[in-house]
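# Residue-level structural notes
Spelled out from the first residue to the last, the chains are:
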Amino acid sequence: MKKAVIGILAHVDAGKTTLSEALLYVSGSIRRLGRVDKRDAFLDTYVQERERGITIFSKQAVLKGKTAEITLLDTPGHVDFSTEMERTLQVLDGAVLMISGCDGVQGHTLTLWRLLKRYQIPVFLFVNKMDRQEAEEKAVFQSIKEQLSEACISFSQPDTEAFYESIAVCDEHAFNVFLEKGKIEKELIQSLIGERKIFPCFFGSALKVSGVEELLNALGEYMPEKVYPAAFGARVYKITRDEQGNRLTHMKITGGSLKVRDVLTGEGREKAADKESQKWEEKVNQIRVYSGEKFVATQEAEAGTVCAVTGLTNTFAGEGLGAEKEILYPELAPVLCYRVLLPEGVDGLKILPRLRELEEEEPQLHLLWDEKNREIKVQIMGQVQIEVYRNLIRERFGVEADFDAGSIVYRETIGNRVEGVGHFEPLRHYAEVHLLLEPGEPGSGLVIEADCSEDTLALNWQRLILTHLKEKDHLGVLTGAPITDMKITLKAGRAHPKHTEGGDFRQATYRALRQGLMQAESILLEPYYAFSLEIPDQSVGRAMTDLEQMQGSFTLEHRGEGRAVLRGTAPMALLQEYQKQVLAYTRGEGQLYCTMAGYYPCHNTETVLREKAYDPLADVENTPHSVFCSHGAGVIVEWDQVPAYMHLESCLLKERALKAGEGEEPPVYLSRRKEKGGEAVWLGTDEIDEILNRTSYANGRENRKGVKTGWKKTGTKREADTPRQVRTYSPAPKKEEYLLVDGYNVIFAWEELKELAAENLDGARGKLLDLLCNYQAVKKCNLIAVFDAYRLAGHPTEILDYHNIHVVYTREAETADQYIEKFAHENGKRYDVTVATSDGLEQIIITGEGCRLISSRELQEEIMQVSQQVLEEFGRVQPGSKITLRELLSGQQVREMEKIREDS
């Protein structure tokens, strides 16, 4: 008896679980039919699934037909759990795609169809709910052929001439066989199904077990038998934990067999920075074959078996074991980001490792640790997941966690070809990398390859550079969002025979990519929904107006009987709450179906950029600058000056020069060129502009060309229509700088001033003000020292000028903290405000207003450093001699600093 792993897929509420129940009942695997609405379905084992009436986690059941043993995988239909569905596709031999006879092909159905094509899975279609009065077989079948494929064949009347003829027109060989014999053999039909040249279609009602037996028999009869290799291989598709907390690795054996006590090895995740540390070797303790909640332990699992294994602690979904070397990552990705709100007293850093357990079990859950704000952020697919994970965290860890309002997960891409260069050469280190960045097809992700001669750079270094490009998510320069839809090509590089180490190329590669992005025309992308809006005819005008305001594109279809359907796409940010409005203005008669369409240019780029206020030069972990060696020390060269210092010539200009037949010695990048005499001659502005115009935009693709064209999304392509919003990095206008000093907080944080304040508070205050005057003379900022006067009855706010700084004494009942917080709130956006204080609560409030912080101790160190430099520069102290704060506070040093300040 042949084995087959079959998945059941559909949009939400199409009846997947009901069909699974009917298949189990017809095959004799269960004695009575459960129902979703009665909360007793065989495969809805999780409490929340029974309460909500939807499938949340994929389930496994084993049933036996007349000619095949089928492992059935029931998958979620809700769009929020799409990645849970997608990972099961990795282990399927075939799929049953369900379509509601009442609703027809939905947006999510098209997404499933696309994923099935990507994984090349044979598909059987089952049109459900045909017992309903509004379901018409002829109309829905015609819609399926139009929207999915003309190769969808009705198997309602097999062994007829019309049946064989409909198959024959789908394949030339089948057509010849039909002409010769008047029929088509079963083996050829199996082959056509396995090659995805035809798609059998069945009609029935899962609830009334109509047409279910015909589907089951067809799966056994027409599903092609898979031949597995002798060498062991397995594909991991899911990680869970049982009631006792044992970690279960769910996998399909794709070759040979797996026995208890076998030792398995793995290479770790592809994106890990250190591959060697990721390698593991572990022993299989137990092999379980599940059917619903129950399982049977077995000593050996043969090829084609879907099982759960205990004893493995390092596996992850998508991993290949044995002969399966490739790691499969899901195509669907989270599009919403939420901040996890933990109860008071719960440390986010301590609970993070426990939440990581959920992350490895749920591929649609991405956890991020925000070190700056010391909080956990989570990326997910939609609102329904919020409730599910809130309950999971409470049940699993006993923590009442909540989530904030959430935000959109953006992406970035580029609109033109640029060359990114990176150089890393501190003392006794060396690496140089040249990358060509090009716009990619929408939805293509990152395509990384090498086009570099081994004469220029050894193959082992090339492989290392490609590894560094793949090992992490690289961030764009508009909002710091991950980049996508780009082709990155390694064009050139250089290593030193003695001084180059592996980490040098990591630094050079990161810097080259970032430097290229700083030059490029960056495009901000946001997630779009493909929607199907079914409403009464009288609501069409309101719906069309709403969708136009949401920047949506759509088509109108009239279904008759007073109903209309609007299909199209719109930004997810505008559409995700629209269902509530639909129910309101249609009085409950409207229905909105949404599914992910992909990432497309953002509809409000300027607004998002203002809100994010991301400064790529302030992101020190993703710097575009390079490091060169000068006089035995490393020197940082800023990104826009880097090309002039590179040791290798520009690949982009070399390519242009060769095409134009300008000889074999092209100009070196964009900043300078070599004359015959060997002296570097700097190019003028006009020449640079001409080079940029001839090189950067000459080879733009049809879909992304020129600076002044934009995108209109039609289907899955981006077409030029309206002015698109592209951004090439330019530094933000410099804001006026303010430094606010919490006076008494600083005095009592510095030991020397604290001792003086114990004897004479006015004297300590005066010494601090003198130091701040000297500091301001160097820094040239607006410096305001704020002191409490809130205990003085009737005291108004008093603002004085003390030499070159301002001094504020607060009014009655107002503390220095309150004055500083008010100033930060009113001026934090207009000016570059820094606050010097060590008050923990005040620091939190100031950070929330967008201001920068410096502690009292850090202020002391900076003042000492500045004073040391000034005194050395003017010859008041010997170079290298370290002065102390106590010396600086002495009369002699104060007078020296004052004299220098007055002279300058």
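What you are looking at is a predicted structure, and each value in this text was computed from that prediction instead of being measured.

## Concerning the packing of aromatic side chains
On inspection of all chains with the given rule, the structure shows 15 aromatic pairs. Members of the aromatic cluster, joined through ring pairs, are Phe 155, Phe 163, Tyr 164, Phe 202 and Tyr 222. Note that Arg 196 overlies the ring of Trp 113, its terminal NZ or CZ placed 5.9 Å from the centroid. The ring of Phe 295 carries the charged tip of Arg 288 above its face, separated from the ring centre by 4.4 Å.

## Remarks on the confidence of the model for the chain
As a general rule, the predicted coordinates of low-pLDDT regions are not to be interpreted in detail. Predicted confidence across the chain gives a mean pLDDT of 82, with 85% of residues reaching 70 or more. Scored below 50 in pLDDT, residues 663-689 shows 41 contacts in the model against residues more than four places distant or in partner chains. Contacts from residues 691-723, a stretch scored under 50 in pLDDT, to residues over four places away or in other chains number 80 contacts.

## Some words on the sheet that holds strand β6 (residues 152-154)
Taken in spatial order, the seven strands line up as β2-β3-β1-β4-β5-β7-β6 in an open sheet, and their pairing is mixed. Single-partner strands in this sheet number two, and they are β2 (59-64) and β6. On average, each strand axis in the sheet is inclined to that of its neighbour by 25°, with strand direction left out of account. Bridge count for strand β1 (residues 2-9) against strand β4 (residues 94-100) is four bridges, and the pairing is parallel. Looking across to β4, one finds that Leu 9 is bridged to Leu 97.

## Thoughts on the sheet that holds strand β39 (residues 737-742)
Pairing in this open sheet of six strands is mixed, and the strands run β41-β42-β40-β39-β43-β44 from one edge to the other. Bordering the open sheet on either side are β41 (798-802) and β44 (852-854), each of which pairs with just one other strand. Between one strand axis and the next, the sheet turns by 25° as a mean value, whatever way the strands run. When strand β40 (residues 782-787) meets strand β42 (residues 805-809), the two strands line up parallel, connected through four bridges. Paired with Ala 785 across the two strands is Val 807, which belongs to β42.

## Remarks on empty space enclosed by the protein
If you walk through the whole model with that rule in mind, you get two cavities of 30 Å³ or more. Size it by volume and the largest cavity reaches roughly 60 Å³. Around the largest cavity, the lining residues are Val 340, Leu 355, Leu 358, Leu 365, Leu 367, Val 378, Tyr 389, Ile 393 and Phe 403. Its residues assigned to classes, the lining of the largest cavity shows nine nonpolar, no polar and no charged.

## A word on the packing of helix α6 (residues 161-168) against helix α7 (residues 172-181)
Interaxial distance between α6 and α7 falls to 8 Å at its minimum, and their mutual angle equals 145°. Where α6 approaches α7, its residues Glu 161, Tyr 164, Glu 165, Ile 167 and Ala 168 are matched on the opposing element by Ala 174, Phe 175 and Phe 178. Each residue belonging to the contact of α6 with α7 can be placed in one class, and the counts come to six nonpolar, no polar and two charged.

## As for the nonpolar core
With 55 residues, the main nonpolar core has Phe 531, Leu 533, Leu 575 and Tyr 578 as its most contacted residues. At seven residues, the largest contribution of residues to this core is made by strand β28 (residues 522-536). In contact with Leu 575, other than residues within four places in its own chain, are Tyr 529, Phe 531, Leu 547, Met 550, Ala 570, Leu 592 and Cys 594. Counting 43 residues, the second-largest nonpolar core is a separate cluster that includes Ile 8, Ala 10, Leu 23 and Phe 124.

## Considering the packing of helix α13 (residues 459-470) against helix α14 (residues 502-519)
At a minimum axis distance of 9 Å, the contact between α13 and α14 shows a crossing angle of 55°. What the angle tells us is that α13 and α14 run oblique. Considering how the two elements wind past one another, α13 and α14 form a crossing that is right-handed. In contact with Trp 461, Leu 464, Ile 465, His 468 and Leu 469 of α13, α14 contributes Gly 502, Phe 505, Arg 506, Thr 509, Tyr 510 and Leu 513. Across the contact of α13 with α14, the residue classes break down as seven nonpolar, three polar and one charged.

## With respect to helix α12 (residues 383-397)
The end-to-end C-alpha separation of α12 is 21 Å, in line with the 21 Å expected for 15 residues at 1.5 Å each. Buried residues of α12: Val 384, Gln 385, Ile 386, Val 388, Tyr 389, Arg 390, Asn 391, Leu 392, Ile 393 and Phe 397, and no others.

## Comments concerning the pattern of salt bridges
Overall, the coordinates contain 34 salt bridges when judged by the stated rule. In this structure, the salt-bridge partner of Asp 93 is Lys 226, at a minimum N-O distance of 3.8 Å. Within this pair, whereas Asp 93 is found in the loop between α3 (82-88) and β4, its partner Lys 226 is found in the loop between α9 (212-222) and β8 (233-241), the two being separated by 133 residues in sequence. Overall, the relative accessible area of 45% leaves Lys 226 in the partly exposed class. Within this structure, Arg 241, Arg 247, Glu 357, Glu 360, Glu 361 and Arg 396 form a network of salt bridges that share partners.

## Details of the environment of Phe 141
If you trace the backbone, Phe 141 turns up in helix α5 (residues 137-147). Phe 141 sits 60 residues away from Cys 201 along the chain, and the two C-alpha atoms are 8.6 Å apart. Residues in contact with Phe 141, not counting those within four places in the same chain, are Cys 152, Ile 153, Ser 154, Cys 201 and Phe 203.

## As for the state of the cysteines
With the rule as written, the count across this model stands at zero disulfides. Its sulfur unpaired, Cys 170 is 9.0 Å from the next cysteine sulfur, which belongs to Cys 152.

## Things to note about the pairing of β41
Across five bridges, the pairing between β41 and β42 is antiparallel. Opposite Leu 800, over in β42, you have Val 807 as the bridge partner. With antiparallel pairing between neighbouring strands as the criterion, β41 and β42 make up a hairpin whose turn holds two residues, including His 803 at a positive phi of roughly 55°.

## A short note on the environment of Ile 488
By the element assignment, Ile 488 lies in strand β27 (residues 486-495). Under the relative-accessibility criterion, Ile 488 is labelled buried at 1%. Counting along the chain gives 51 residues from Ile 488 to Leu 437, while the straight-line C-alpha distance between them is 4.8 Å. With residues up to four places along the chain from it excluded, the contact list for Ile 488 reads Leu 435, Leu 436, Leu 437, Leu 446, Val 447, Ile 448, Glu 449, Leu 469 and Leu 513.

## Here we look at helix α1 (residues 16-27)
One turn of an α-helix holds 3.6 residues; hence residues three or four places apart share an orientation. Between the first and last C-alpha of α1 there are 17 Å, a value that for 12 residues agrees with the 16 Å anticipated at 1.5 Å per step. Taken across its 12 residues, α1 has nine buried, putting it largely inside the fold. Of the positions making up α1, those classed as buried are Lys 16, Thr 17, Leu 19, Ser 20, Glu 21, Ala 22, Leu 23, Leu 24 and Ser 27. Residue Gly 28 follows α1 closely and has a positive phi angle near 85°.

## Focus on unusual backbone geometry
Non-glycine residue Asp 159 carries a positive phi angle of around 60°. For Asp 159, the location among the structural elements is in the loop between β6 and α6. Its relative accessible area of 60% is what places Asp 159 among the exposed residues. Its identity as a non-glycine residue notwithstanding, Arg 428 has a phi of 65°, on the positive side.

Parameters at a glance
- Residues numbered from 1 in each chain as written.
- Predicted model: local features only at pLDDT ≥ 70, side-chain atom pairs only at ≥ 80, totals over all residues.
- Heavy atoms only, no water.
- Phe/Tyr/Trp six-rings, centres within 6.5 Å; stacked < 30°, edge-to-face > 60°.
- Lys NZ or Arg CZ within 6 Å of the ring centre and 35° of its normal.
- pLDDT = per-residue confidence, 0-100.
- Contact = heavy atoms within 4.5 Å.
- Pairing = 2+ DSSP bridges.
- Helix = DSSP H or I, 4+ residues; strand = E, 2+ residues; numbered from the N terminus.
- Axes fitted to C-alpha atoms, helices over the stretch in contact; angles between N-to-C directions.
- 1 Å grid on protein atoms, 1.4 Å probe; cavity = no way out; pocket = protein on both sides within 12 Å on 5 of 7 lines; lining within 4 Å.
- Points joined across faces, edges and corners; volume = space filled by probe spheres on them.
- Nonpolar A, V, L, I, M, F, W, Y, C, P; charged D, E, K, R; others polar.
- Core = buried A, V, L, I, M, F, W, Y, C linked by side-chain atoms within 4.5 Å.
- Buried < 20%, exposed > 50% of the residue type's maximum accessible area, 1.4 Å probe, protein only.
- Parallel < 35°, antiparallel > 145°, perpendicular 65-115°, else oblique.
- Left-handed = near helix turned anticlockwise from the far one by under 90°.
- Expected span 1.5 Å × (residues − 1).
- Salt bridge = Lys/Arg side-chain N within 4 Å of Asp/Glu carboxyl O.
- Disulfide = S-S within 2.5 Å.

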